[in-house]
Amino acid sequence: MSKARPRLIATDLDGTLLRNDKSVSDRTVAALAAAEEAGIEVFFVTGRPARWMDVVSAHVHGHGLAICSNGAAVVDLHAGRKIIDVRSLERETALDVVETLRMESPSTAFAMEFADGIRHEPDYPPLHLDAALDIGPAEKLLHEDVAGLGAPLLKLLALHPELTPDGFLALARAAVGHRATITRSSPTALLEVSGLGVSKASTLALCCAERGISADEVVAFGDMPNDIEMLTWAGTSYAMGNAHPDVVAAASGRTVANQEDGVAAVIEGILADY
């Protein structure tokens, strides 16, 4: 029996769909459009916040949705990057993570990705894409005068200046992995902390369930540890040629690097088979 055509393609952006200069190649644009034309939905599933989605907004067809902030937000790109669903990190949990990591790994600097923008500590490097809404100690930035009235916290960022990326990840998971989901997507020792159980995979599973799409009908692409759960969940998955070794081990297949349009190459092959 021939394998059924997939119903949904889920792809990471940086290091996966995007080239190193953060552009979407003409070949990839054509492949995404062809998939949608063939009735295969495309979901962008990224660690990026909603406000950094302009690079692909024009290439979302049909549903117009993207999964951002490692699963903490579902965003409507057709409605000006409006966040339509949030799976937040409790501020109390974030504060506990901050206090624990400070004890376990001194020199860690923290930033908080809220639904309305980013705030960070003085030692956290400024982001080149946008300015912080506020700068100060994590305790101040996480404080709410009235509980529940502040902007939802999507994820906590923890940056260490000396530890190796994988070493910092292992340390943090051992220390606070029972309280939150901890992953990474940067080549530096930058960790991304989400609510417990919140990941690209779990939010993608919810979006697929709403559409009656099973994991076996999903093809996923990724390159970094924050993609591993998604690649494991999907019925078919591809690690990029430039992927982290743990991602290669988790995926069911491998394609060429992002610079060589690895996602487009697989989509072209899928469409050629039917």
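Just so it is clear, the structure is predicted and the values come from calculations on it, not from any experiment.

Draft legend 1. Molecular detail of the sheet that holds strand 11 (residues 190-195). Ordered by their spatial adjacency, 6 strands build an open sheet running 8-7-6-9-11-10, and the pairing between neighbours is mixed. Pairing within the sheet leaves two strands with one partner each, and these edge strands are strand 8 (134-135) and strand 10 (180-183). Sheet topology places strand 6 (residues 109-114) next to strand 7 (residues 117-120); 4 bridges connect them, and they run antiparallel. In the strand pairing of strand 7, Glu113 is matched with Ile118. Strands in contact with helix 4 (residues 91-104) are strand 6, strand 9 (153-159), strand 10 and strand 11; relative to strand 9, the strand with the most contacts, it is inclined by about 5°.

Draft legend 2. Main features of the environment of Asp21. Tracing the backbone shows Asp21 in the loop between helix 1 (13-17) and helix 2 (26-37). Each C-alpha atom of the pair Asp21 and Gln259 lies 9.3 Å from the other, and the pair is 238 residues apart in sequence.

Draft legend 3. Here's a closer look at the sheet that holds strand 13 (residues 236-239). Strand order in the open sheet made by the 8 strands is 5-4-3-2-1-12-13-14, with mixed pairing throughout. Since the sheet does not close on itself, it has two edges, and those belong to strand 5 (82-86) and strand 14 (253-254), each with one partner. The strands touched by helix 2 are strand 1 (8-11) and strand 2 (41-45); relative to strand 2, the strand with the most contacts, the crossing angle is about 135°. Lying over the sheet, helix 10 (residues 262-272) contacts strand 1, strand 12 (218-222) and strand 13, oriented at roughly 160° with respect to strand 12.

Draft legend 4. Structural view of the packing of helix 4 against helix 6 (residues 165-176). In contact at an axis separation of 10 Å, helix 4 and helix 6 are set at 125° when each is read in the N-to-C sense. By the criterion of interaxial angle, the relationship of helix 4 to helix 6 is oblique. Relative to helix 6, the crossing made by helix 4 is right-handed. Only Leu171, Ala172, Ala175 and Val176 of helix 6 make contact with helix 4, whose side of the interface consists of Val97, Thr100, Leu101 and Glu104. Looking at the contact of helix 4 with helix 6 residue by residue, the class counts come to 6 nonpolar, 1 polar and 1 charged.

Draft legend 5. Spatial organisation of the side chain of Ser199. Examined against the element boundaries, Ser199 turns out to sit in the loop between strand 11 and helix 7 (200-210). Leaving out residues up to four positions away in the same chain, Ser199 has contacts with Asn70, Gly71, Arg87 and Glu229.

What counts as what
- Residues numbered from 1 in each chain as written.
- Predicted model: local features only at pLDDT ≥ 70, side-chain atom pairs only at ≥ 80, totals over all residues.
- Heavy atoms only, no water.
- Pairing = 2+ DSSP bridges.
- Helix = DSSP H or I, 4+ residues; strand = E, 2+ residues; numbered from the N terminus.
- Contact = heavy atoms within 4.5 Å.
- Axes fitted to C-alpha atoms, helices over the stretch in contact; angles between N-to-C directions.
- Parallel < 35°, antiparallel > 145°, perpendicular 65-115°, else oblique.
- Left-handed = near helix turned anticlockwise from the far one by under 90°.
- Nonpolar A, V, L, I, M, F, W, Y, C, P; charged D, E, K, R; others polar.

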